[in-house]
Amino acid sequence: MKATAQAHSNIAFIKYWGKKEGFDSLKLPANGSISMNLSNLVTETTVEFSERYSVDKLDFNGTENNDNIRSKVSEHLDRVRKKAGVTTKAKVVSRNNFPHSSGLSSSASGFAALTVAAVSALELQLNEKELSLLARQGSGSACRSIPTGFVEWVAGRSHDSSYAYSIFPPDHWDLIDVVVVIDAQAKELSSTEGMSRAFKSPFYKERLKNIQEKIHTCTEAIRKKDFEIFGELIESEALEMHSIAFTSHPPMIYWAPETLRLMLETQRWRKAGLPVYFTINTGHDIHLITTPDHEKKLVSLIHKSCTVKKIIMNHPSEGACITKNHLF
Ligand code: PMV
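Calculation rules
Residues numbered from 1 in each chain as written. Predicted model: local features only at pLDDT ≥ 70, side-chain atom pairs only at ≥ 80, totals over all residues. Heavy atoms only, no water. Helix = DSSP H or I, 4+ residues; strand = E, 2+ residues; numbered from the N terminus. Polar contact = N/O pair within 3.5 Å; in protein donor to acceptor, adjacent residues only side chain to side chain. Contact = heavy atoms within 4.5 Å. Buried < 20%, exposed > 50% of the residue type's maximum accessible area, 1.4 Å probe, protein only. Expected span 1.5 Å × (residues − 1). Arc of directions from axis to C-beta. Pairing = 2+ DSSP bridges. Core = buried A, V, L, I, M, F, W, Y, C linked by side-chain atoms within 4.5 Å. Near = heavy atom within 4 Å. Nonpolar A, V, L, I, M, F, W, Y, C, P; charged D, E, K, R; others polar. Phe/Tyr/Trp six-rings, centres within 6.5 Å; stacked < 30°, edge-to-face > 60°. Lys NZ or Arg CZ within 6 Å of the ring centre and 35° of its normal.

A. Focus on the side chain of D59. Along the polypeptide, D59 turns up in strand 3 (residues 57-60). In terms of polar contacts, D59 uses its side chain to reach the side chain of R95, at 3.3 Å.

What follows is the structure in structure tokens.
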């Protein structure tokens, strides 16, 4: 009744921003999205179901006291328990190798790893689509950390049709994602809060009108490995998502001064001939995307231009899987 899984966080190139009206708890997105799994942002989770536990016990990166996380994890375990027809409580130990709640999507890798470990511990036989549907209910973007490599999450119209699948394997295109950790402090505004205000932006409807076309262009740019079309698209997409946040009520700014500085530097470096584009989720940390030939130069420029807490280099990576290294 014990299993361990590992999952990678993912970076959205076309973002999930806003839920379908009336489907908040199911986490049905208003639009589809495209992402890539990140090799060096990893969550490992061990789940053990046992009659020895009278309540669910959670150890999340060495802390046991976060009520919000504890109740979300318990609710997710309930979904898996319901499928298996059991009520047995569980112990969950989970470790991230990167900061959480600073915009690096730890909830994506976290809920993907939890889903795969819990399903395996209860010996349920679920296919990849079913795992993705389940992970989505824990945290929307977690559904994209289940399949391998480059991934599309189809928005769908019901629980059963909103899941992610792999569009290209990790070795299709060796993109480099340089994650720049600016500040390891947790963000003050959650994505959930941001999304609940998204429809209040006057630009939100306009965004939804064009999103399918963007998904198509993004997929084709990845297929053809056209870095320029791809890069321009993802940078403007990130700014579009943040423009919705800026113009929601009340307005939201997720960036720190160093975030903006790196955005401007990225555009300057590009003008000077370095192929690099940025994208960013809801937090101050930023992702700079380049190709392997330019990785070293980019890292040295980042160090020269600002003080950063940490740089994490990523390649496209596999989806969630079972491992043998139990955490307890
Ligand atoms: O899955 P959530 O609730 O953590 O929301 C993710 C939202 C963004 O990271 C901003 C965009 C995305 O598609 O990952």
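B. Up close: the environment of A245. Considering the arrangement of structural elements, one finds A245 in helix 6 (residues 227-246). For A245, the contacting residues outside a window of four places in its chain are W17, P251, M252 and Y254.

C. Representation of the side chain of E48 in the model. Along the chain, E48 falls in strand 2 (residues 33-49). Given the relative accessible area of 14%, E48 is considered buried. Only 3.2 Å separates the side chain of E48 from the side chain of R52, close enough to count as a polar contact. A polar contact of 2.6 Å, which involves the side chain of E48, links it to the side chain of Y53. Filtering out sequence-adjacent residues up to four positions away, E48 remains in contact with M1, K2, Y53, K89, A90, K91 and F328.

D. Layout of unusual backbone geometry. The omega angle of the peptide bond from H249 to P250 is -10 degrees, so this bond is cis rather than trans. In this structure, P250 sits in the loop between helix 6 and helix 7 (257-271). The backbone phi angle of K27 is positive, close to 55 degrees, even though this residue is not glycine. Looking at where K27 falls in the secondary structure, it is placed in the loop between strand 1 (2-14) and strand 2.

E. Here's a closer look at helix 1 (residues 67-84). Its 18 residues give helix 1 an end-to-end C-alpha distance of 25 Å, which sits within 8% of 26 Å, the value for a rise of 1.5 Å per residue. For helix 1, the complete set of buried residues consists of I69, V73, S74, H76, L77, V80 and R81. One side of helix 1 holds all its buried residues, which, seen down the axis, span an arc of 165 degrees. Along helix 1, exposed side chains directed more than 90 degrees from the buried face belong to D67 and K82. G85, located one to two residues past helix 1, shows a positive phi value of around 70 degrees.

F. Just the pairing of strand 9 (residues 286-290), in detail. With 5 of its 5 residues buried, strand 9 lies for the most part within the structure. Neither face of strand 9 is left uncovered, since the one carrying I286, L288 and T290 and the one carrying H287 and I289 both have all their residues buried. As paired strands, strand 7 (residues 176-181) and strand 9 are joined by 5 bridges and run antiparallel to one another. Considered in strand 9, the bridge of I176 is made with T290. As judged from the 3 bridges shared by strand 8 (residues 277-279) and strand 9, these two strands associate in the antiparallel manner. Within the sheet, the bridge partner assigned to Y277 lies in strand 9 and is I289. Linking two consecutive strands that pair antiparallel, namely strand 8 and strand 9, is a turn of 6 residues.

G. The arrangement of the nonpolar core in detail. Ranked by internal contacts, the top residues of the largest apolar core, which has 34 residues, are L262, W269, I286 and L288. Secondary structure elements with two or more residues in this core: strand 5 (150-153), strand 7, helix 4 (191-198), helix 6, helix 7, strand 9 and helix 8 (295-305). Residue contacts for I286: discarding those within four places in its chain leaves V178, V179, V180, I182, T259, L262, M263, F278, T279 and I280.

H. Structural detail: helix 8. Those residues of helix 8 lying buried are L298, V299, L301, I302 and S305. All buried residues of helix 8 fall inside an arc of 160 degrees around its axis, so they share one side. Among the exposed residues of helix 8, those oriented more than 90 degrees off its buried face are K296, H303 and K304. Looking at the packing, one finds that the buried side of helix 8 touches strand 7, helix 7, strand 9 and strand 10 (310-314).

I. Inspection of the site of the ligand at higher detail. Of all residues adjacent to the ligand, which total 14 residues, the nearest are Y16, S139, S141, R144 and M195. S141 places a side-chain nitrogen or oxygen 2.7 Å from an oxygen atom of the ligand. Within the side chain of N281, one N or O atom sits 3.3 Å away from an oxygen atom of the ligand. The residue makeup of the shell around the ligand, split by class, is 5 nonpolar, 7 polar and 2 charged.

J. Broad picture of the packing of aromatic side chains. Going through the model one piece at a time under the given rule, you end up with 7 aromatic pairs. Taken together, a centroid distance of 6.3 Å and an interplanar angle of 85 degrees make the contact between W173 and F227 edge-to-face. Taken together, the residues W173 in the loop between strand 6 (164-168) and strand 7 and F227 in helix 6 connect sequence positions 54 residues apart. We note that W173, like F227, is buried. Taken together, a centroid distance of 5.1 Å and an interplanar angle of 80 degrees make the contact between F246 and W255 edge-to-face. Among the aromatic residues, those joined into a ring-pair cluster are F13, W173, F227, F230 and Y277. Just above the ring of F328 sits the side chain of K2; from NZ or CZ to the centre is 4.4 Å. A cation sits over an aromatic face here: K91 above F328, 4.5 Å from the ring centre.

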